[in-house]
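Below are the chains, spelled out letter by letter.
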Amino acid sequence: MLVNGRAWRTVWQPDDDPGAVHVIDQNRLPWELAVMRLTTVAEVEVAIREMVVRGAGCIGATAAWGMWLAAREAGAGGEFRRGEFEAAGERLRATRPTAVNLGWAVDRMLRETTDAVTAREAAQRIADEDAAACAAIGRHGKGLLEGLAAGKPEGSVLNVLTHCNAGWLAFVDHGTALSPVYAAAAAGMAVHVWVDETRPRNQGARLTAWELGQQGIAHTVVADNAGAHLMQAGLVDAVITGADRVAANGDTANKIGTLLKALAARHFGVPFYVALPSSTFDAGLAAGVGVIPIEERGAEEVLWMEGPDEGGEMRRVRVVAGGSGVANPAFDVTPAGLVTAFITERGVCAPETGAIARHLGLR
Ligand code: MRU
């Protein structure tokens, strides 16, 4: 995607810095577009855990590049120490529990890697495939948006609501939920995006709004609780979200608050689409509700908010007084029955076990 006219990926291995992986530091957006240089697998572990990189596909690709760094470390001084390489994979896998792309990427790297050279090739493949899958999701999703636009009076704007950030920042490029929006806008469709702020870390307000602004897409940031009201008023034509892990039956884990949007969408007859690459399906999990591991993050994310003051100086302010208990579940699971359809790089798929298995080529 272009930022100020320059093409960016979220994670890459630059030719002119042969021992390092570069990532966009998402903790500094939208206030600053900064690149962080990672040179050890330990640094990659911290970057994933502290959400310098976040979003299922971006985490997966960064873990793959982390495994390349691990392979370099395991091969230093001669013989490739496979045990050391595998142990690094287990540490990376443990950094965040919900997005299945992380473990999927580690497993692929373990399968496809025999040394640092094959590790570099495999990590590049994973990154390139992620970008290609997201571009294809855009093409398939654009067809759905065109169908919805055709049902509206000529000249009207199509309103899409999204939650969290499932744009290009959450993947290597293009994104999932926002990829159809980018494709539709590029084809000339008048489209507007309602952006849920997505407390507590505000990925919507900070990242999705920045992304859409950079691409020149009309958008409006709303408080997380505004969605149902907007749907009731007829101001939402479709909800599109991403996913962090989808079970074989279509139960969908995504950022906390997604389930509330799905419930409201069902009540008001608004289509609820989930866009994801095949790598986000966890075919080994028959169903997801109560089973997909839900990350519990630190209380400080709820207790504090950060941003620049009027003078541009970064501030942290406390928004909950002392003495209250705090819980911070970072994801929820939307039952498959609330999903209208999945949009993947393979096309559009019904949220049902048989259809998903056929879609993924598993039967
Ligand atoms: O905690 P995050 O920011 O890594 O959350 C994951 C997500 O980005 C969202 O749930 C998103 O909608 C899924 S698509 C990557």
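Keep in mind the model is a prediction, meaning the values are calculated, not measured.

Cut-offs and rules
Residues numbered from 1 in each chain as written. Predicted model: local features only at pLDDT ≥ 70, side-chain atom pairs only at ≥ 80, totals over all residues. Heavy atoms only, no water. Helix = DSSP H or I, 4+ residues; strand = E, 2+ residues; numbered from the N terminus. Rg over C-alpha atoms; globule rule 2.2 N^0.38 Å. Buried < 20%, exposed > 50% of the residue type's maximum accessible area, 1.4 Å probe, protein only. Contact = heavy atoms within 4.5 Å. Areas by Shrake-Rupley, 256 points an atom, 1.4 Å probe, with all protein chains shown as cover. Pairing = 2+ DSSP bridges. Axes fitted to C-alpha atoms, helices over the stretch in contact; angles between N-to-C directions. Polar contact = N/O pair within 3.5 Å; in protein donor to acceptor, adjacent residues only side chain to side chain. Near = heavy atom within 4 Å. Arc of directions from axis to C-beta. Domains from an automatic or database assignment. Buried area = accessible area lost by both parts, 1.4 Å probe. Salt bridge = Lys/Arg side-chain N within 4 Å of Asp/Glu carboxyl O. Core = buried A, V, L, I, M, F, W, Y, C linked by side-chain atoms within 4.5 Å.

A. View of the overall build of the protein. Tallying secondary structure elements over the protein gives eleven helices and 18 strands in all. Taken over C-alpha atoms, the radius of gyration comes to 20 Å for the protein, in line with the 21 Å a tight globule of 363 residues would show. Counting over 363 residues, the protein shows a buried share of 55%. Taking the intrachain contacts of the protein between residues at least 6 apart in sequence as the baseline, contacts between residues at least 24 apart amount to 73%. Of the roughly 14,500 Å² that the protein leaves accessible, carbon and sulfur atoms contribute 54%.

B. A look at the sheet that holds strand β5 (residues 35-38). Spatial strand order, β3-β4-β5: three strands in an open sheet with antiparallel pairing. The strands lining the two open edges of the sheet, one partner per strand, are β3 (11-12) and β5. By the bridge criterion, four bridges tie strand β4 (residues 21-24) to β5 in an arrangement that is antiparallel. Paired with Val-23 across the two strands is Met-36, which belongs to β5. Each of β3, β4 and β5 touches helix α2 (residues 56-75); the most contacted strand, β4, lies at about 155° to it.

C. A look at the environment of Glu-43. Secondary-structure assignment places Glu-43 in helix α1 (residues 41-49). For the pair Glu-43 and His-163, spaced 120 residues apart in sequence, the C-alpha to C-alpha distance is 29 Å. The residues touching Glu-43, leaving out its near neighbours within four places in the chain, are Arg-37 and Leu-38. In this structure the side chain of Glu-43 is engaged in a polar contact, spanning 2.6 Å, whose partner is the backbone nitrogen of Thr-39.

D. How the structure looks around the site of the ligand. Taken together, the neighbourhood of the ligand is formed by 17 residues, with Arg-54, Arg-96, Asp-244, Asn-254 and Lys-255 sitting nearest. Note that an oxygen atom of the ligand is positioned 2.8 Å from one of the side-chain N or O atoms of Arg-96. Side-chain polar atom of Asn-254 to an oxygen atom of the ligand: 2.8 Å apart, as the coordinates give it. Coverage of the ligand by the protein chains reaches 100% of its 400 Å² of free accessible surface.

E. Up close: unusual backbone geometry. A cis geometry characterises the amide bond from Leu-29 onward to Pro-30, with omega recorded as 0°. Structurally, Pro-30 is set in the loop between β4 and β5. Here Arg-199 and Pro-200 are connected by a cis peptide whose omega angle stands at 10°. Mapped onto the fold, Pro-200 is located in the loop between β7 (191-196) and α7 (203-214). Phi is positive for Asn-4, close to 50°, though the residue is something other than glycine. Here Asn-4 shows up in the loop between β1 (2-3) and β2 (6-7). Relative accessible area serves as the criterion here: at 71%, Asn-4 is assigned to the exposed category. Of note, Cys-164 is a non-glycine position whose phi angle comes to about 65°, a positive value.

F. Representation of helix α9 (residues 258-268) in the model. By the burial criterion, the buried members of α9 are Thr-258, Lys-261, Ala-262, Ala-264 and Ala-265. Take α9 and look down its axis: the buried residues cluster within an arc of 165°, on one side only. Turned more than 90 degrees off the buried face of α9, the exposed positions are Leu-260 and His-267. Of the residues trailing α9, Gly-269 is marked for its positive phi of about 70°.

G. Examining the domain arrangement of the protein more closely. Here the protein is partitioned into domain 1 (2-129) and domain 2 (137-359). The C-alpha-based centres of domain 1 and domain 2 are spaced at 25 Å. Here domain 1 packs against domain 2, burying approximately 2,700 Å² in sum over the two surfaces, 56% of which is carbon and sulfur. The interface formed by domain 1 and domain 2 contains one salt bridge.

H. Representation of the environment of Trp-8. Looking at the secondary structure, you find Trp-8 in the loop between β2 and β3. Accessibility expressed as a relative area gives 9% for Trp-8, which makes it buried. Expressed as a C-alpha distance, the spacing of Trp-8 and Ala-94, which sit 86 residues apart in the sequence, is 28 Å. Those residues in contact with Trp-8 that sit more than four places away from it in its chain are Met-1, Val-3, Ile-24, Leu-33, Val-35, Trp-168 and Asp-173.

I. Local environment of the nonpolar core. One finds Val-21, Ile-48, Phe-85 and Met-109 to be the most contacted residues of the largest nonpolar core, which totals 38 residues. Put simply, the parts of the chain that give this core at least two residues each are β4, α1, α2, α3 (82-93), α4 (100-112) and α5 (116-150). Element by element, the count of residues in this core is highest for α2, at twelve residues. The residues touching Val-21, leaving out its near neighbours within four places in the chain, are Val-11, Trp-12, Met-36, Arg-37, Leu-38, Trp-65, Trp-68 and Leu-69.

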